[in-house]
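What follows is each chain in one-letter form.
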Amino acid sequence: MKSNYFSLTLVSFMVFLSGQNLLAQEQKRVTGRVMDSQSELLIGVNVSEVGNEKNGTTTGVDGTYAITVRSANSELKFTYIGFKNKTIVVGTSNILDVQMEEDRSALDEVVVVAYGTQKKASVVGSITNIEPSILVTSPSRSLSNDLAGRISGVIAVQRSGNPWHNNSDFWIRGISSFNGSTTPLILIDGIERSLNDIDPEEISSFSVLKDAAASAVYGVRGANGVIMIETKRGHIGKPEVQFRIEQSITQPLSIPKYIGSYKYLSLINEMYEEEGRAPFTSEATLLNYKNHTDPELYPDVNWWDVVSKDFADNTKATIDVSGGSDILRYSLVAGYYHENGIIERDKEQEWNSSLRVNRYTVRSNVDVNITPTTLFRVNLGGYLQNMTAPPGDVSNVSIFYQAMRVPPYANPPIYSNGLIPKVQYKENPWAYATQRGYQSVNCHRKVNSFAIES
């Protein structure tokens, strides 16, 4: 059964260790608009604080920006393709509108597009960039679940809340083929990979090529759009360590309403009466169910509540180490993800039959300047993923099916003496979910690449 889920981040903290001084205590929030020489608002202009480039933002669809800087003496740098860079002192005002000047010579420069280069003036395809910091905020294991609502023209559908099968199906500007593949081409550092096998913390840039003009160089493989991802690389400077951990919970928003044994049997009696038949259950028996005289003899079981927990939870943790010199630069990102499903377990058993997923990811990128004109790049990445679930029911569909199928008056989940009841032709949903052992599934992948540029 499908359920809508919401998530709530309970704990999120990041620790920065670097050789740089701490930011000054005085801070100032600045807002404004960015426009061209014709007073047309510009979208996607990069705005950063000079001397603290990690503090940055971009202008929105209305050409506005908002940023908090260290003090009134701070300088803001505005950069945009096809325009000259502009640096302005913040000053005492909280509103800073900027007019940028076009850089005609920049249009003749070349940019890397897929497997070749083009002039900036000739890049007319539809390309959308997403800030990696936005993708990190989602508690989901699958990166495909973060695309819906963040990119215009992208449709994403998540068909299950199961932590092992909750990857979204997504399309860029609809479906291009009804016979062949409809999946967009995913390139991570130039290598085709799955979008759900990468930790968002590894990403430095995320671009979506939407139309034929942007993805034509990929031929038929780019017919459904292309997503290009570049992972983090080292920088010149002292070693910097970032650590992040998050704890989240997920809870179903819509579940079947439980009516109880008394009302259930009363409705059956009403149907029998309309058909002119004798009552299915006597009034004395109905009173026993209503008054809960004997829970084992007259059970009143909400099977959905028995086989499922009130909420599921997940934990994300990543560590990012980067730095380097003029000769060697390095970046290492290691991540851990754990999610517990909503299926209940029998705590009396030594083994745990509930659904849970563990994933370990690692990404190491090293750049070495062999000579002043030759750069040697090493990219190492991979993941290891493990799932544990009730046997033969990875999707948990049959567990919830049994919980919906068995009436509340049939039998209790377990008797007080520890025996497990079972009615003929009907499963005991609690036993079906917790007493059949468990199965474990592992998958892993490593992707390595080496390149020399001169």
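This text gives an overview of the structure that appears in the document. Every value quoted in this text rests on a predicted model; they were computed, and no experiment measured them. (Residues numbered from 1 in each chain as written. Predicted model: local features only at pLDDT ≥ 70, side-chain atom pairs only at ≥ 80, totals over all residues. Heavy atoms only, no water.)

In terms of helices and strands, the chain carries seven helices and 23 strands. About 24700 Å² of surface is accessible on the chain, with carbon and sulfur atoms providing 53% of the total. (Helix = DSSP H or I, 4+ residues; strand = E, 2+ residues; numbered from the N terminus. Areas by Shrake-Rupley, 256 points an atom, 1.4 Å probe, with all protein chains shown as cover.)

Okay, the pairing of strand β2 (residues 28-35) next. Alignment of β2 against strand β5 (residues 64-69), held across six bridges, turns out to be antiparallel. The partner of K28 across the bridge, within β5, is V69. Note that β2 and strand β8 (residues 98-99) share two bridges and pair parallel. Pairing of M35 across the sheet is with Q99, part of β8. (Pairing = 2+ DSSP bridges.)

What follows is about the sheet that holds strand β11 (residues 127-130). In spatial order, the strands read β11-β16-β17-β14-β15; together these five strands make up an open sheet with mixed pairing. Two strands lie at the open edges of the sheet, namely β11 and β15 (191-192), each paired on one side alone.

Right, let's get into the nonpolar core. Ranked by internal contacts, the top residues of the largest apolar core, which has 18 residues, are L143, L147, L195, F206, I227 and I229. Mapped onto this core, the elements with two or more residues apiece are β12 (154-158), β13 (168-172), β14 (185-188), β16 (203-209) and β17 (226-231). Examining the composition of this core, we find that three residues originate from one element, β16, more than from any other. If we ignore the near neighbours within four places in the chain, the residues touching I227 are L147, F170, I172, L185, I186, L187, L195, F206, S207 and V208. In terms of nonpolar packing, the next biggest core, distinct from the first, is built from 16 residues, V30, Y65, I67 and L96 among them. (Core = buried A, V, L, I, M, F, W, Y, C linked by side-chain atoms within 4.5 Å. Buried < 20%, exposed > 50% of the residue type's maximum accessible area, 1.4 Å probe, protein only. Contact = heavy atoms within 4.5 Å.)

Further remarks concern the side chain of T434. When you line up the elements, T434 lands in helix α7 (residues 429-434). Here W430 takes part through its backbone oxygen, which lies 2.7 Å from a polar atom of the side chain of T434. Only 3.0 Å separates the side chain of T434 from the side chain of Q435, close enough to count as a polar contact. If sequence neighbours within four positions are ignored, T434 has contacts with E344, R345, D346, W351 and S353. (Polar contact = N/O pair within 3.5 Å; in protein donor to acceptor, adjacent residues only side chain to side chain.)

So, about the environment of I203. Looking at where I203 falls in the secondary structure, it is placed in strand β16. With a relative accessible area of 2%, I203 lands in the buried category. As a C-alpha pair, I203 and V333 span 130 residues in sequence and 9.8 Å in three-dimensional space. Here I203 is in contact with P132, L135, L143, I198, I229, E230, T231 and K232, once residues within four sequence places are set aside.

Okay, the sheet that holds strand β4 (residues 52-58) next. A sheet is described by the order of its strands in space; here four strands give the open sequence β4-β3-β6-β7, paired in antiparallel fashion. At either end of the open sheet lies a strand with only one pairing partner, and these are β4 and β7 (86-89). Adjacent strand axes in the sheet meet at a mean angle of 25°, parallel and antiparallel pairs treated alike. Pairing of strand β3 (residues 46-49) with strand β6 (residues 75-79) involves four bridges; the strand directions are antiparallel. In the strand pairing of β6, E49 is matched with L76. (Axes fitted to C-alpha atoms, helices over the stretch in contact; angles between N-to-C directions.)

So, on to the pattern of salt bridges. The final tally for this structure, using the stated rule, is 14 salt bridges. A salt bridge links D189 to R363; the shortest N-O distance between them is 3.6 Å. With D189 in the loop between β14 and β15 and R363 in strand β21 (residues 356-371), the pair connects residues that are 174 residues apart, well separated along the chain. No difference in accessibility class separates D189 from R363, as the two residues are buried. One salt bridge in this structure joins D320 and K232, with 3.0 Å as the shortest N-O distance. Remark: K232 occurs in the loop between β17 and β18 (237-252) and D320 occurs in strand β19 (residues 312-324); sequence separation between them is 88 residues. Beyond isolated ion pairs, a larger network of salt bridges with shared partners links E201, K232, R244, E246 and D320. (Salt bridge = Lys/Arg side-chain N within 4 Å of Asp/Glu carboxyl O.)

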